[in-house]
Amino acid sequence: PLLEPLPSIPALYSCIGISIFAFLMTVYLIPALGPAFIKAGLKGHDLLKTYRFEVPIPESMGLVSASVYVLSLICFIPFAFSTPIRAHANVKNAKEGITVVEFPHYQLSVYLSSILGLLIATMLGFLDDVFDIRWRHKLPIPIIASIPLLMVYYAEHGNTNVVVPLPFRFIFGNLINLGPLYYLYMSMLSTFSTNSFNILAGINGSEVSQAIVIALSVILNDLLYLPWPIGFRIPLHLLGNRTELEFGGAWSAGMSYGSRELVERHLFSLYFMLPLVAVCTGFMYHNWYPARAFPGDTLCYMTGMAFSVVGIQAHFSKTLLLFFMPQIFNFLLSCPQLFGLVPCPRHRVPHFNPETNLLSPSTAKFEKPPNKLATLILRLFATLGFVKLTSDSKTGKLTETTNLTILNTFLIVLGDMNEKSLVKTLIGTQIAGSGLAFFIRYALAWLVYDG
Ligand code: UD1
Ligand code: MG
């Protein structure tokens, strides 16, 4: 049977147009609304500046980006469904029978549930900015926010099978059905992505630049699946094994349903990622060193949720996690402080020296010596060069550790530097991480999966 032409490609142009508008709106609105945020008490002090106590900086300005983002996505809905809308109008006007294109209710529910998830994340982030919600209270909220997404996932395919990596096939077979565990995994994904940006924060531009690099990586990955007029193949010879990566290839009526669906999913992801890059870049302009606006938890939660939405709805959560390597590292490193094994000060940002304008690793002091497990973990981290420990010269017991964040690790490894260099180091690491992610996903996948 002949497939109708892919409906969504023209909508992509509308999406690009709306994204440009969203970028301009954010660039304009952030300085315009800053004073109103300060007046409402939403302000913070730039901890790593000499003027830290004098100049208040508007905080939670991610709310502006989040609002522009969600409004852009809402305005885009009619464009995303323009083909079925037109088909319905045709049927009304037609004198004789025209095949009706069934309205894609499923895609509409994917779209609406995603926007719902983003709204809950924005609300949670903003409440956290205003009320400083406790960890144990805010951790489960993204899990609940992901229920609409998971319900939609269940309604259509409910595919909870995962392909078993080659080395384990003799135990589990080719496919393993994770069932409810798969839903648990997807709901944890939203908790992880929202919080992981928030704990890699505190220097100008850090929160938003992570989101931009990951969003651009997701966009690049999506583009590989679009039906380009010309396709390309990359022959690879890795470790003696020859594989061929194939991208693009003209859209043909004979394209199988499976690949058609794949294109649709990656278009959906583009519809969410393009405006995200737009509002984040607009924000970055004002958040770059020296920052005139702070993102607040609102931006961290909103961007994190946007990633888990596309990862779940477009079915590439494993590839997505590869783009989160620096965040995963920072989370694992932070665990002893997050789970109370090591004291965790309110701010773990690096230490600022006003005389030299340089940052050095900040520290956490032990009021009483850490227990055996904490000592063991810290010693391991120190051996790997992630932290620096200070111990009592007489008893040999630990007295102090550098805070367990990737930012402090950069300072330990590379030496003291100013805030701008540190954020550039972070961006560079994120980009290198994405490069590695693409390599693992497309060049090494044959080691663990066939085809
Ligand atoms: C998280 C981190 C905390 C870090 C903080 C910085 C954990 C467990 N928590 O806490 O260690 O210190 O983020 O965002 O890892 N700020 C700056 N410069 C910036 C951005 C923020 O000085 O570029 C300061 C401002 O004073 C701002 C405050 O950080 O008001 C915002 O902190 P908040 O987002 O409330 O901290 P948490 O997310 O709770
Ligand atoms: Mg925060």
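Residues numbered from 1 in each chain as written. Chains lettered and ligands numbered in written order. Predicted model: local features only at pLDDT ≥ 70, side-chain atom pairs only at ≥ 80, totals over all residues. Heavy atoms only, no water.

### Brief notes about the packing of helix α7 (residues 147-156) against helix α9 (residues 180-198)
No. 1: Close contact between α7 and α9 brings their axes to 10 Å; oriented N to C, the two are set at 145 degrees. The interaxial crossing formed by α7 with α9 has right-handed handedness. Facing α7, whose interface residues are Leu150, Tyr153 and Tyr154, α9 presents Tyr182, Tyr183, Met186 and Ser187.
No. 2: Among the residues forming the contact of α7 with α9, the class breakdown is six nonpolar, one polar and no charged. (Axes fitted to C-alpha atoms, helices over the stretch in contact; angles between N-to-C directions. Helix = DSSP H or I, 4+ residues; strand = E, 2+ residues; numbered from the N terminus. Left-handed = near helix turned anticlockwise from the far one by under 90°. Contact = heavy atoms within 4.5 Å. Nonpolar A, V, L, I, M, F, W, Y, C, P; charged D, E, K, R; others polar.)

### Concerning the confidence of the model for the protein chain
No. 1: Of all residues in the protein chain, 89% attain a pLDDT of 70 or more, and the chain-wide mean is 88.
No. 2: Within the protein chain, the element-level pLDDT minimum falls on strand β6 (residues 241-247), averaging 65, and the maximum on helix α16 (residues 406-414), averaging 98.
No. 3: Here residues 250-254 scores under 50 on pLDDT; set against residues more than four positions off or in separate chains, the count is nine contacts.
No. 4: Model confidence for the complex: the whole-complex pTM is 0.92, and ipTM, which rates the interface, is 0.97. (pLDDT = per-residue confidence, 0-100.)

### Quick word on the sheet that holds strand β9 (residues 363-365)
No. 1: Spatial ordering of the open sheet is given by β9-β11-β10, a layout of three strands whose pairing is antiparallel. The outermost strands of the open sheet, each flanked by one partner alone, are β9 and β10 (389-391). Adjacent strand axes in the sheet meet at a mean angle of 20 degrees when their direction is disregarded.
No. 2: When β10 meets strand β11 (residues 398-402), the two strands line up antiparallel, connected through three bridges. By the bridge assignment for β11, leucine 389 is matched with threonine 401. (Pairing = 2+ DSSP bridges.)

### A word on unusual backbone geometry
Outside of glycine, negative phi angles account for most residues, and trans bonds account for most peptide bonds.
No. 1: Across the junction of tyrosine 289 and proline 290, the peptide omega takes the value -10 degrees, indicating a cis bond.
No. 2: Turning to its location among the elements, proline 290 is positioned in the loop between α11 (257-287) and α12 (296-313).
No. 3: Positive phi is not limited to glycine here, since serine 60 has a value of about 60 degrees.
No. 4: Positioned with a positive phi, histidine 315 is a non-glycine residue whose angle comes to about 60 degrees.
No. 5: With respect to the secondary-structure elements, histidine 315 resides in the loop between α12 and α13 (317-323).
No. 6: For histidine 315, a relative accessible area of 27% puts it in the partly exposed group. (Buried < 20%, exposed > 50% of the residue type's maximum accessible area, 1.4 Å probe, protein only.)

### Describing the coordination of the magnesium ion (ligand 2)
A metal bound by six donors in octahedral fashion has ideal angles of 90 or 180 degrees, whereas one bound by four tetrahedral donors has an ideal angle of 109.5 degrees.
No. 1: Only Asn198 (OD1) and Asp297 (OD) from the protein coordinate the magnesium ion (ligand 2), and they sit 2.0 to 2.1 Å from it. Taken together, the residues span a long stretch of sequence, with asparagine 198 in helix α9 and aspartate 297 in helix α12 at a distance of 99 residues. Grouping residues by exposure puts asparagine 198 and aspartate 297 together as buried. (Donors = N, O, S within 2.8 Å, 3.2 Å for Na, K, Ca; no water.)

### Concerning the packing of aromatic side chains
Note on aromatic pairs: each is described by the distance of the centres and the angle between the planes.
No. 1: For the coordinates displayed, the defined rule picks out 21 aromatic pairs.
No. 2: For the pair phenylalanine 76 and tyrosine 111, a centre-to-centre distance of 6.4 Å together with 35 degrees between the ring planes defines the contact as tilted. With a gap of 35 residues between them, phenylalanine 76 in helix α2 (residues 62-80) and tyrosine 111 in helix α4 (residues 105-131) connect regions that are remote in the sequence.
No. 3: Looking at tyrosine 111, the relative accessible area reads 2%, which means it is buried.
No. 4: Ring centres of tyrosine 111 and phenylalanine 268 lie 6.3 Å apart, and the angle between their planes is 85 degrees; on these two criteria the pair is classed as edge-to-face. Placement of tyrosine 111 in helix α4 and of phenylalanine 268 in helix α11 is noted, with a sequence separation of 157 residues between them.
No. 5: Grouped by ring-pair contacts, the aromatic residues Phe76, Phe79, Phe81, Phe103, Tyr111, Phe268, Tyr271 and Phe272 constitute a single cluster.
No. 6: The ring of tyrosine 442 has arginine 441 sitting right over it, with the charged end atom 4.6 Å from the ring centre. (Phe/Tyr/Trp six-rings, centres within 6.5 Å; stacked < 30°, edge-to-face > 60°. Lys NZ or Arg CZ within 6 Å of the ring centre and 35° of its normal.)

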